[in-house]
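Structural overview for review
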Amino acid sequence: MVAEKLILGTVQFGLNYGINNSTGKPAKAEIFDILNYASEHGINELDCARAYGDAQTIIGDFLQQSNVHFLLNSKFHTQGESISEQAKQTLKDLQTKQINTYFFHDVQDLYSDKEKTLRSLLALKDAGLIVKIGVSVYSNEEISYCADIEAIDVIQAPFNLLDNANKRQESFKRVKDRYKELQVRSVFLQGLFAKQAATLPDKLAPLAPYIDQVYEHCKNSNIPVMTMALVYALQMPLVDKVLIGVETMEQLKQNIEAANTILEESVINFIHQINVEDEALLYPYNWT
Ligand SMILES: NC(=O)c1ccc[n+]([C@@H]2O[C@H](COP(=O)([O-])OP(=O)(O)OC[C@H]3O[C@@H](n4cnc5c(N)ncnc54)[C@H](OP(=O)(O)O)[C@@H]3O)[C@@H](O)[C@H]2O)c1
């Protein structure tokens, strides 16, 4: 089942998030419905973080009140509270006994005191409080650096129609050559692919010709844009897991249905000729 390759992101449950957000964060009852629906349709993993507002406590309440089980991933920073204190608070908020993958939220925290931080994480692993150690990254240099660290089990990086295999193939291959798990996020570029090029903010205008190309190709081949965006990531052989963020039940239903589509080779070839020149615009942190 393709949905098993999906991880449901949860920043949308705790913060008003995304370039195209018109609905704000969903109400608690809708989040519960989304989590139930996700589980019933084969999604068994959630991407959480303490930095995502009250998302973790809402998920904890849901898990407490339901019989549903998810693998729960979370993230930490190295400033302030110790990693072990942060992990304990996350376990309490999520009302669970174990974090599946515990991610460096910021790879800079790995650069700054690698040995000491990895020792703390390995101790959490020995104690059974976490199963895997992960890092969230952006650039190919960061991916390659993390791929070469033995203690790292999982790497999470951006990947989408514009930030595609042209740019990522080599570094993704390095991750898989070292038998690590590769997760990708940003497959809808924070919802940007749901926006027509003509409605992009001025700063993102240089991306308009690429978005236009995508819309034109989707129209000609009769594929919804969001389907192309999701299935492109799901069909990438090097990718183990694909994160998606949703703000409504309707979006989740559409995405789960879309996940069963198969893209023909001609569509993949079309995507692979898209080569965005100004790569900085592919990173949402540069958009404001
Ligand atoms: N590790 C990190 O540092 C990091 C950073 C960012 C995110 N994340 C994780 O990744 C998850 C996903 O975030 P992302 O940035 O990668 O977002 P994304 O999945 O690329 O885009 C999600 C946005 O796309 C829109 N969308 C989704 N399905 C849709 C549909 N069927 N039709 C129309 N619009 C649709 C929604 O926004 P609108 O309705 O507003 O358009 C949604 O909020 C987050 O929840 C979080 O868990 C991690």
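Residues numbered from 1 in each chain as written. Predicted model: local features only at pLDDT ≥ 70, side-chain atom pairs only at ≥ 80, totals over all residues. Heavy atoms only, no water.

1. A closer look at the overall build of the protein
Helix and strand counts for the protein stand at 12 helices and 8 strands. Expected size for 288 residues packed as a compact globule is a radius of gyration near 19 Å; at 19 Å, the protein falls within 12% of this value. Buried positions account for 53% of the 288 residues belonging to the protein. Residue pairs at least 24 apart in sequence account for 77% of intrachain contacts in the protein once pairs closer than 6 positions are excluded. One finds the centroid of the 26 positive side-chain charges in the protein at a distance of 5 Å from the centroid of its 37 negative side-chain charges. (Helix = DSSP H or I, 4+ residues; strand = E, 2+ residues; numbered from the N terminus. Rg over C-alpha atoms; globule rule 2.2 N^0.38 Å. Buried < 20%, exposed > 50% of the residue type's maximum accessible area, 1.4 Å probe, protein only. Contact = heavy atoms within 4.5 Å. Lys, Arg positive; Asp, Glu negative; His and termini not counted. Charge placed at Lys NZ, Arg CZ, Asp CG, Glu CD.)

2. Focus: the site of the ligand
By nearness alone, 29 residues border the ligand, and Gln12, Tyr17, Asp47, Ser186 and Glu247 come closest of all. Here an oxygen atom of the ligand sits 3.1 Å away from a polar atom, N or O, in the main chain of valine 11. The side chain of asparagine 255 places a nitrogen or oxygen atom 2.9 Å from a nitrogen atom of the ligand. Of all the secondary-structure elements, those providing two or more residues to the shell around the ligand are α1 (11-14), β8 (241-244) and α11 (249-258). In terms of residues, the shell around the ligand owes the most to one element, α11, which gives 3 residues. Along the lines of polarity and charge, the residues of the shell around the ligand split into 10 nonpolar, 15 polar and 4 charged. (Near = heavy atom within 4 Å. Polar contact = N/O pair within 3.5 Å; in protein donor to acceptor, adjacent residues only side chain to side chain. Nonpolar A, V, L, I, M, F, W, Y, C, P; charged D, E, K, R; others polar.)

3. Focus on the pattern of salt bridges
Two side chains bearing opposite charge may form a pair once their charged atoms approach each other closely. Scanning the model with the defined rule gives 13 salt bridges in all. Across the pair glutamate 279 and lysine 167 runs a salt bridge, and its minimum N-O distance is 3.0 Å. Taken as a pair, glutamate 279 in the segment after α12 (265-272) and lysine 167 in helix α8 (residues 165-177) lie far apart in primary sequence, 112 residues in all. Owing to a relative accessible area of 13%, lysine 167 belongs among the buried residues under this scheme. Linking lysine 173 and aspartate 177 is a salt bridge whose minimum nitrogen-to-oxygen distance equals 3.2 Å. Here lysine 173 and its partner aspartate 177 are both found in helix α8, 4 residues apart, which amounts to about one turn of the helix. Look at lysine 173 and you get partly exposed, because its relative accessible area is 42%. (Salt bridge = Lys/Arg side-chain N within 4 Å of Asp/Glu carboxyl O.)

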